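What follows is each chain in one-letter form.
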Amino acid sequence: QAQLVESGGGLVQAGGSLRLSCAASGSIFSAMGWYRQAPGKQRELVATITHGGDTNYADSVKGRFTISRDNAKNMVYLLMNGLKPEDTAVYYCMGRLVYSYWGQGTQVTVSS
């Protein structure tokens, strides 16, 4: 069974950095990504990366966040720099093959 497990969330001050990790198992996904959901808001795409390394970012995180993928380790990462309070959310890892699979999420809280 495909499984995704996020880690690396926590509390950070505005302007700080965090590196989120997602360990995938059960499948090598064609595309992987990070989504986030803040309280009272809908889930939104943060960044995606294909097996070949093509990336896409939400406009709100371009220039600040970097998604990367280690296919040998079946891991995907999200390096978040210049964090803002509006980045506070639960961050979910997604892996897509035939269906999309989701992790349980990791909480990122950015204080001013």
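The shown structure was predicted, so the numbers you read here are calculated from the model rather than taken from an experiment.

Undergrad: Could you give an account of the state of the cysteines, naming the residues involved and the relevant values?
TA: Overall, the coordinates contain 1 disulfide when judged by the stated rule. A sulfur-sulfur separation of 2.1 Å characterises the disulfide bridge that pairs C22 with C93. In this structure, the disulfide formed by C22 and C93 twists by about -85° around the S-S bond and is classed as left-handed. Taken together, the residues C22 in strand β3 (residues 18–25) and C93 in strand β9 (residues 89–96) connect sequence positions 71 residues apart.

Undergrad: Tell me about the packing of aromatic side chains, and please be specific about residues and values.
TA: One pass over the full model with this rule turns up 2 aromatic pairs. Relative to Y101, the ring of F29 has its centre 5.9 Å away and its plane inclined at 50°; by these criteria the two rings are tilted. Of this pair, F29 sits in the loop between β3 and β4 (31–37) while Y101 sits in strand β10 (residues 100–102), placing them 72 residues apart in sequence. Seen in terms of ring centroids, Y35 and W102 are 4.9 Å apart; in terms of plane orientation they differ by 70°. Their pairing is edge-to-face. In this pair, Y35 sits in strand β4 while W102 sits in strand β10, placing the two residues 67 residues apart along the sequence. The buried category is assigned to Y35, whose relative accessible area is 11%. Residue classification places W102 among the partly exposed positions, given a relative accessible area of 32%. Its guanidinium or amino end placed over the ring of Y77, R19 lies 4.0 Å from that ring's centre, counting from NZ or CZ.

Undergrad: Please provide a residue-by-residue account of the pattern of salt bridges, values included.
TA: A full pass over the atoms with the stated rule returns 4 salt bridges. Two residues, R36 and D87, come together in a salt bridge whose shortest N-O distance is 2.9 Å. Separated by 51 residues along the polypeptide, R36 in strand β4 and D87 in the loop between β8 (75–80) and β9 bring together distant segments of the chain. Residue R36 is classed as buried on the basis of its relative accessible area of 5%. R64 serves as the salt-bridge partner of D87, at 2.7 Å between the closest nitrogen and oxygen. In this pair, D87 is assigned in the loop between β8 and β9 and R64 in the loop between β6 (55–57) and β7 (65–70), connecting sequence segments 23 residues apart. R64 matches D87 in its accessibility class, with the two residues each being buried.

Cut-offs used in this document
- Residues numbered from 1 in each chain as written.
- Predicted model: local features only at pLDDT ≥ 70, side-chain atom pairs only at ≥ 80, totals over all residues.
- Heavy atoms only, no water.
- Disulfide = S-S within 2.5 Å.
- Helix = DSSP H or I, 4+ residues; strand = E, 2+ residues; numbered from the N terminus.
- Phe/Tyr/Trp six-rings, centres within 6.5 Å; stacked < 30°, edge-to-face > 60°.
- Buried < 20%, exposed > 50% of the residue type's maximum accessible area, 1.4 Å probe, protein only.
- Lys NZ or Arg CZ within 6 Å of the ring centre and 35° of its normal.
- Salt bridge = Lys/Arg side-chain N within 4 Å of Asp/Glu carboxyl O.

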